[in-house]
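Fold and geometry: a report
Each chain is listed here by its residues.
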Amino acid sequence: MTNRAVFLDRDGTLNVDKGYVHRIEDWEWIPGAIDAITMLKKAGFLVIVITNQAGIARGYYDEADMTHLHAIINMELQKHGATIDGFYHCPHHPEFGEVRECECECRKPMPGMIDKASQDFDIDLGRSWLVGDKASDIQAGLAAGVKSILVLTGYGNKERALLGDDAICVTDILAACNYIMAHAYPKPDKPEPNVAYSGTGK
Ligand SMILES: [Mg+2]
Ligand SMILES: [Zn+2]
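The structure contained in this document is the topic of the report that follows.

Glancing now at the overall build of the protein. From N to C terminus, the protein includes seven helices and six strands. Starting at the N terminus, the α and β elements of the protein follow one another as β-α-β-α-α-β-α-β-α-β-α-β-α. The globule rule puts the C-alpha radius of gyration for 202 residues at 17 Å, and the 17 Å found for the protein is close to it. If one aligns the C-alpha atoms of the protein with their principal axes, the spans along those axes are about 60 × 40 × 35 Å.

Here is the structure:
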């Protein structure tokens, strides 16, 4: 558990949620999103997208369409010196497809995608963060033990009422990124402290 990550929801957080976005011509960055990813990468965070993609269960598009879109997005990010380290998606939907919600552990608010990524990338969830625009994003993050921030883009304003008063809410992904920089410990640009064990045990 050596790496820190920021888990990002996709639609409504990184890009304008136009409903089942799967073509590059429908991809519209939320202002500040590219800068936010660049800042997180420079600070040493892994950046991992976790996204419910029920459009696959519904048959609107397939895995190859989605993978192609994500590859193009990453090429664009690389022009800015950034990258998304991993994309995790849940292709399921409660009423469509072969795997119904009761059998699926990945559809947010379940924490399955976060748990999978944390194994794949050796992530310390207790020092990691999540940013999303729905209560189900925040619930998935908290279930995985990740500090979670609601953004008010996408469905955020409507979803805010579904969360408790102690929920962290900021305007958008760039504000969330600044919040993380201000609250992450140890500071992202500093090395980890060497914590000496001072107990009397073994
Ligand atoms: Mg969303
Ligand atoms: Zn799933």
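A word on helix α7 (residues 173–183). Among the residues of α7, those classed as buried are Ile173, Ala176, Cys177 and Ile180. Seen from one end, α7 has its buried residues packed into an arc of 100°, which puts them on one side. The elements touched by buried residues of α7 are β1 (5–8), α1 (33–42), β4 (129–132), β5 (147–151) and β6 (168–170).

For the rest of this paragraph, the subject is unusual backbone geometry. In this chain, Lys108 is followed by Pro109 through a cis amide linkage whose omega measures 20°. Structurally, Pro109 can be placed in the loop between β3 (86–90) and α4 (112–121).

Pairing is parallel in the open sheet, where six strands are placed in the order β3-β2-β1-β4-β5-β6. Looking at the sheet topology across the chains shown, the edges are occupied by β3 and β6. When strand polarity is set aside, the average angle formed by the axes of neighbouring strands in this sheet is 25°. Two strands pair when backbone bridges link them, and β1 and strand β2 (residues 46–52) are joined in this way by four bridges, in the parallel orientation. Among the inter-strand pairings, Val6 is bridged to a residue of β2, identified as Val47.

Glancing now at the pairing of β4. Burial along β4 is two-sided: the residues Trp129 and Val131 and Leu130 and Gly132 are all buried. With three bridges joining them, β1 and β4 adopt parallel strand pairing. Following the sheet pairing, Phe7 is matched in β4 by Leu130. Where β4 meets β5, four bridges bridge the pair, whose relative direction is parallel. Along β5, the bridge assignment pairs Val131 with Ile149. The handedness of the β4 to β5 crossover, carried by helix α5 (residues 135–144), is right-handed.

By size, the foremost hydrophobic cluster in this structure holds 40 residues, and its most contacted members are Val6, Phe7, Ile114, Val131 and Ile173. Ranked by residues supplied to this core, first place goes to α1 with five residues. Ignoring anything within four residues of it in the chain, the contact list for Ile173 reads Thr13, Leu14, Ile30, Gly32, Ala33, Ala36, Val131 and Val151. Ile56, Ala57, Met66 and Ile73 belong to the second-largest nonpolar core, a separate cluster that totals five residues.

Reading guide: rules and limits
- Residues numbered from 1 in each chain as written.
- Chains lettered and ligands numbered in written order.
- Predicted model: local features only at pLDDT ≥ 70, side-chain atom pairs only at ≥ 80, totals over all residues.
- Helix = DSSP H or I, 4+ residues; strand = E, 2+ residues; numbered from the N terminus.
- Rg over C-alpha atoms; globule rule 2.2 N^0.38 Å.
- Buried ≥ 20, exposed ≤ 12 C-beta atoms within 10 Å, placed from the backbone.
- Arc of directions from axis to C-beta.
- Contact = placed C-beta atoms within 7 Å.
- Pairing = 2+ DSSP bridges.
- Axes fitted to C-alpha atoms, helices over the stretch in contact; angles between N-to-C directions.
- Right-handed = clockwise from strand over helix to strand, strands pointing away.
- Core = buried A, V, L, I, M, F, W, Y, C linked by C-beta atoms within 7 Å.

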